[in-house]
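# A look at the structure
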Amino acid sequence: MIAYALLAVPDPKYPHGLLQPPVSFDGVFTSDLKGLKLGIDWDFFKDCNPEIAEACQQAVEHLKCLGASIVDIRLPEMEEARLSHVICILSEMRAWLEHDFTKHYNEMNLDTRSTLAMGSKFTAVDYIQASRQKTRTMKFLKDLFVDVNCILTPGTACTASAILPSDLITGQSDITTLTESMKYCQLGNFTGIPCLVIPVGYSSAGLPISIQVMAKWWDEAVLFRVGLKLEEFRTETKKPIIYYDTLF
């Protein structure tokens, strides 16, 4: 939270950011979650690896025991939002990396080349239509946050995939795994709502599982409040086989 407090304050060199509300930690250290309404689209929530769904549902039960109310919601047009997010982000990546794509193409991994080449194929009409969907999805979220304080999903729909020796040479192009790993983060990335991902357990293979908490714009305080309680739910944090201490 210290890092957040330092990073989230307005930047005098960015005039638009001066309009944001002041950083707040109101209610973060409240002993329970009474009064909070947590929205879950259960069809979307459970559209993941069964081990992930089970661990995340147990975390939800922990939040209920602390006084939070679970509200059934529906996240509309998620497929439209997913496709629009792909169009927007690949178009913007391709535009930003124009110099590198033309001057350093042969130095890029094969997966990077194919991703940026795909971004080249979207038209201005595609980008405008995707941006319209962004506005539409933001309106959906604005309406949902009238009734709930947060939206809960798993952090990812699959656990981490293995890094093969060939991946270090050519990169990895695995659309299925990429789509599953990004499934739940796209909504926040697309619309700009704040999100917090908290580890809540491990798979049978020992790989980490996480849950995601999303809140309305500028309401990071409620994310920290829920996140602190989710950290209490996790009874063990395993040290990775390969570990680098970045603080000491």
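Residues numbered from 1 in each chain as written. Predicted model: local features only at pLDDT ≥ 70, side-chain atom pairs only at ≥ 80, totals over all residues. Heavy atoms only, no water.

## Here we look at unusual backbone geometry
- We note that Glu77 has phi near 55°; this positive angle belongs to a residue other than glycine.
- Here Glu77 shows up in the loop between strand S2 (69-72) and helix H4 (78-96).
- A relative accessible area of 22% means that Glu77 is categorised as partly exposed.
- Its identity is not glycine, yet Trp218 carries a phi of approximately 70°, on the positive side.
- Overall, Trp218 belongs to the exposed group, its relative accessible area being 53%. (Helix = DSSP H or I, 4+ residues; strand = E, 2+ residues; numbered from the N terminus. Buried < 20%, exposed > 50% of the residue type's maximum accessible area, 1.4 Å probe, protein only.)

## A short note on H4
- Along its 19 residues, H4 runs 27 Å from first to last C-alpha, staying within 8% of the 27 Å computed at 1.5 Å per residue.
- Among all positions in H4, only Met78, Ala81, Ser84, His85, Ile87, Cys88, Leu90, Ser91 and Arg94 are buried. (Expected span 1.5 Å × (residues − 1).)

## What about the sheet that holds strand S5 (residues 208-215)?
- Spatially, 5 strands are ordered S2-S1-S3-S5-S4 in an open sheet, and the strand pairing comes out mixed. Each edge of the open sheet carries a strand with a single partner, namely S2 and strand S4 (195-202). Strand-to-strand, the axes of this sheet are offset by a mean angle of 30°, without reference to chain direction.
- The pairing of strand S1 (residues 37-40) with strand S3 (residues 150-154) spans 2 bridges and is classified as parallel. Bridge pairing in S3 links Leu38 to Cys150.
- Contacting S1, S2, S3, S4 and S5, helix H3 (residues 50-65) crosses the sheet at an angle of about 50° to S5.
- Sheet strands touched by helix H11 (residues 220-233): S1, S3, S4 and S5. Its angle to S4, the strand with the most contacts, is close to 5°. (Pairing = 2+ DSSP bridges. Axes fitted to C-alpha atoms, helices over the stretch in contact; angles between N-to-C directions. Contact = heavy atoms within 4.5 Å.)

## Observations concerning the environment of Val9
- Structurally, the position occupied by Val9 is in the loop between helix H1 (2-7) and S1.
- It is 6.5 Å that separates the C-alpha atoms of Val9 and Val23, two residues lying 14 residues apart in sequence.
- Not counting residues within four places of it along the chain, the set of residues in contact with Val9 comprises Gln20 and Val23.

## Quick look at the nonpolar core
- Core analysis: the largest hydrophobic core is formed by 42 residues, its most contacted members being Leu75, Ile151 and Leu230.
- Elements represented by at least two residues in this core include exactly S1, helix H2 (42-45), H3, helix H7 (124-144), S3, S4, S5 and H11.
- Sort the elements by how many residues they give to this core and H3 lands first, with 7 residues. (Core = buried A, V, L, I, M, F, W, Y, C linked by side-chain atoms within 4.5 Å.)

## Regarding the side chain of His85
- Position of His85 among the secondary structure elements: in helix H4.
- Discounting residues that sit within four places of it in the chain, His85 has contacts with Met182, Gln186, Asn189 and Phe190.

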